[in-house]
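# Geometric and topological summary
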Amino acid sequence: MLTGTGRAQIVIVGCGFGGLFAARALARTPADVLVIDRNNYHLFQPLLYQVASAALAPADIAQPIRTILRYQQNARVMLAQVDAVDLAGRRVIADGVGVSYDYLVLAPGAVDNYFGHEDWRHFAPGMKAVEEATFIRSRLLRSFETAEIEADPAERAAHLTFIIVGGGPTGVELAGAIKELAVDVIPRDYRVVDTRMARVILIEAGPRVLPALHEDSSARALRQLRTLNVEVRLGAPVTQVLADGVEVGGERLRSYNVIWTAGVRAAPLTASLGVPHGPSGRVKVAPDCSLPGHPEVFVIGDAAWLIDAASGAPVPGVSQGALQMGRYVARVIGAELLGQRSARQRGFHYRDRGSMATVGKSRAVVELGRLRFGGLLAWLAWMALHITVLIGFRNRLAVLSSWIYSYVFFRRGSRLITRAVPPEES
């Protein structure tokens, strides 16, 4: 199936790390590339928690897709929601319009997983989108404003309690960021309430925080969190989320700020494929990232479940895995358009470039192979990596400036209350 140009049509659904790096790697491929996304921007999700904690503005970690691909002559961009995939007809349905493809790269990402309790979403928003992060930021800041004028001590305490459900990287980073905001940044802005008394509670159902990292790194992160006076509760899952708090371990914790970072599942689009799924709804793909029975369709990133042949372990749903898959799939497609099939036969191999998480200013944990360290050096390494990977020079400069400003003056320049209702109700 060819386009009007007589060239193969490659459709990429989703412009996260996987989709974006696949598109850019196809720049010299003799084919037409169409990138479809429901947003007009690429979002650097690892820093979304800093938007939620008022450290960065949304524009600092996002850039228009058209701007990123404007010099790539074989690439086009379509702003649309892809609702289904017609495998037999080789087309995707985007806002009711059928778009044909020769090759399809599905990189729709992931959504928050409430493990069968979707009603909790209203009280405990997640952080997978800019709208969610700005809502959390506004609700957080509004709680400080309410606490300033609240006469009832119990109500004031509920407004000054912040509960994060999930002790993975996002939960750990967000807990540290909120505590630093309350203790180091805003105390002098208020005349009545002492924001330094704010409680930040991190709840993890498992036995340790950062379960994907080595036990030494988890223990180091736990110590750093407790140094910040973050309350960490391990081994007790949340059993109920309510309008004014949570129930955990038979105890009721009151809070008007509950944030969900407890897990993700593959985007709903994958359900339309009618194929077997692995854990968290991720699509089981072949060693070359293709859909079994459909070698022209690839699923990558958070939506893919792939056991790495070399390590015997599943490829993790992290940004490094997504961008490596994107580049690999681009090589496979490019080679096949030139009549070569060796790239597909070798299969995808994930190269672990290391893991890291920040726990606050000058606090972080880093793992690079067998090397594990924390503290200021780890924080500097974390900062350098995130600045390097950010898309666009303007983004890097803006983020670096914001971090230096915050580090030197203990201030955050994005403390704006802009949302009053959850994203799904706006």
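Heads up: the structure comes first, above all this text.
Anyway, here's the lowdown on the structure attached to this text. (Residues numbered from 1 in each chain as written. Predicted model: local features only at pLDDT ≥ 70, side-chain atom pairs only at ≥ 80, totals over all residues. Heavy atoms only, no water.)

This part covers the overall build of the protein chain. For the protein chain, the count of helices and strands is 11 helices and 25 strands. Computed over the C-alpha atoms, the radius of gyration of the protein chain is 22 Å, within 12% of the 22 Å expected from 2.2 N^0.38 for a compact globule of 426 residues. Residue pairs at least 24 apart in sequence account for 65% of intrachain contacts in the protein chain once pairs closer than 6 positions are excluded. As displayed, the protein chain offers around 18700 Å² of accessible surface, 54% of which is attributable to carbon and sulfur atoms. Within the protein chain, one finds 47 positive and 38 negative side-chain charges whose respective centroids are separated by 7 Å. (Helix = DSSP H or I, 4+ residues; strand = E, 2+ residues; numbered from the N terminus. Rg over C-alpha atoms; globule rule 2.2 N^0.38 Å. Contact = heavy atoms within 4.5 Å. Areas by Shrake-Rupley, 256 points an atom, 1.4 Å probe, with all protein chains shown as cover. Lys, Arg positive; Asp, Glu negative; His and termini not counted. Charge placed at Lys NZ, Arg CZ, Asp CG, Glu CD.)

This part is about the sheet that holds strand β24 (residues 363-368). With antiparallel pairing, the three strands of this open sheet are ordered in space as β23-β24-β25. At either end of the open sheet lies a strand with only one pairing partner, and these are β23 (355-360) and β25 (371-374). Sheet twist, expressed as the mean angle between neighbouring strand axes with direction ignored, is 5°. Sitting on the sheet, helix α6 (residues 169-185) touches β23 and β24, and the angle it makes with β23 is about 20°. (Pairing = 2+ DSSP bridges. Axes fitted to C-alpha atoms, helices over the stretch in contact; angles between N-to-C directions.)

The next subject is the packing of aromatic side chains. Under the definition given, this model contains seven aromatic pairs. Look at Tyr114 and Trp260: their rings are 4.9 Å apart centre to centre, the planes differ by 20°, and that puts the pair in the stacked class. Placement of Tyr114 in the loop between β10 (110-112) and α4 (130-149) and of Trp260 in strand β17 (residues 257-260) is noted, with a sequence separation of 146 residues between them. Each member of the pair, Tyr114 as well as Trp260, carries the same accessibility label: buried. (Phe/Tyr/Trp six-rings, centres within 6.5 Å; stacked < 30°, edge-to-face > 60°. Buried < 20%, exposed > 50% of the residue type's maximum accessible area, 1.4 Å probe, protein only.)

Residues Val92 and Ala94 point to one face of strand β7 (residues 91-94) and are all buried, whereas Arg91 and Ile93, pointing to the other face, are not buried. Pairing geometry for strand β6 (residues 82-86) and β7, over four bridges, is antiparallel. Within β7, the residue paired with Val82 across the bridge is Ala94. Taking the residues that link successive antiparallel strands as the turn, the β6-β7 hairpin has four residues, and the phi of Arg90 there is positive, at about 50°.

Moving on to the pattern of salt bridges. Summed over the entire model, instances satisfying the criterion amount to 16 salt bridges. Note that Glu296 and Arg90 form a salt bridge whose closest N and O atoms lie 3.8 Å from each other. Of this pair, Glu296 sits in strand β21 (residues 294-299) while Arg90 sits in the loop between β6 and β7; the two residues are 206 residues apart in sequence, bridging distant segments of the chain. We classify Glu296 as buried; its relative accessible area is 7%. The shortest N-O distance in the salt bridge between Arg344 and Asp288 comes to 2.7 Å. One end of the pair, Arg344, is in helix α9 (residues 342-346); the other, Asp288, is in the loop between β19 (283-284) and β20 (290-291), with 56 residues separating them in the sequence. The exposure class assigned to Arg344 is buried, which follows from its relative accessible area of 14%. (Salt bridge = Lys/Arg side-chain N within 4 Å of Asp/Glu carboxyl O.)

We now examine the environment of Ala212. Locating Ala212 in the fold gives a position in the loop between β12 (199-204) and α7 (215-227). Distance in space between the C-alpha atoms of Ala212 and Gln50 is 21 Å, their sequence separation being 162 residues.

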